[in-house]
Amino acid sequence: MTVNEVLQHDLRFRNMLLGRLQADCEYYLNFGNRNPRRLWAGNEAQQIEFMTKLHESFKEDEKTMWLTMEQIEEYSKAMGVTKE
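Source: prediction; values computed, not measured.

### Concerning the overall build of the protein
Counting its secondary structure elements, the protein contains four helices and zero strands. Listed N to C, the secondary structure of the protein is α-α-α-α in terms of helices and strands. For a compact globule of 84 residues, the expected C-alpha radius of gyration is about 12 Å, and the protein comes in at 12 Å, within 12% of that figure. In terms of overall dimensions, the protein has a C-alpha envelope of 35 × 25 × 25 Å along the principal axes. Counting all 84 residues of the protein, 36% fall into the buried class. In the protein, once contacts between residues fewer than 6 apart in sequence are set aside, the share between residues at least 24 apart is 58%. Here the protein displays about 5600 Å² of accessible surface, and carbon together with sulfur accounts for 48% of that area. For the protein, the distance from the average site of its 11 positive side-chain charges to the average site of its 14 negative ones is 4 Å.

Written out as structure tokens, the structure reads:
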């Protein structure tokens, strides 16, 4: 599934997927031995890209309280994803 395909889904789906992506990051960093196969997107850079695009797809009053852009950036650093 591409980022554009994901962004076509409704608010509920995107919110649930963002939660799944966050849970994958937690597992990857803690008990998943940093194995990219444990990530929904299949690799660290794509995982962070999906999370960023999903977060940005919400209107300001729709943004989650449980995951901020700063936290996504922390995941990015912890997972060794560098910005291009």
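### Comments concerning the packing of helix 2 (residues 11-30) against helix 3 (residues 44-57)
Running from N to C, helix 2 and helix 3 point in directions that differ by 145°, and their axes come no closer than 10 Å. Considering how the two elements wind past one another, helix 2 and helix 3 form a crossing that is left-handed. In contact with R14, L17, L18, L21, Q22, D24, C25 and Y28 of helix 2, helix 3 contributes E44, Q47, F50, M51, L54 and S57.

### Points about the nonpolar core
The biggest cluster of nonpolar side chains holds 20 residues, and the ones touching the most others in it are I48, M51, Y75 and M79. Only helix 1 (3-7), helix 2, helix 3 and helix 4 (69-78) provide two or more residues apiece to this core. Considering every element that reaches this core, the biggest residue donor is helix 2, with five residues. If we skip the residues at most four places from it in the chain, Y75 touches Q22, C25, E26, L29, I48, M51 and L67.

About the cut-offs
- Residues numbered from 1 in each chain as written.
- Predicted model: local features only at pLDDT ≥ 70, side-chain atom pairs only at ≥ 80, totals over all residues.
- Heavy atoms only, no water.
- Helix = DSSP H or I, 4+ residues; strand = E, 2+ residues; numbered from the N terminus.
- Rg over C-alpha atoms; globule rule 2.2 N^0.38 Å.
- Buried < 20%, exposed > 50% of the residue type's maximum accessible area, 1.4 Å probe, protein only.
- Contact = heavy atoms within 4.5 Å.
- Areas by Shrake-Rupley, 256 points an atom, 1.4 Å probe, with all protein chains shown as cover.
- Lys, Arg positive; Asp, Glu negative; His and termini not counted.
- Charge placed at Lys NZ, Arg CZ, Asp CG, Glu CD.
- Axes fitted to C-alpha atoms, helices over the stretch in contact; angles between N-to-C directions.
- Left-handed = near helix turned anticlockwise from the far one by under 90°.
- Core = buried A, V, L, I, M, F, W, Y, C linked by side-chain atoms within 4.5 Å.

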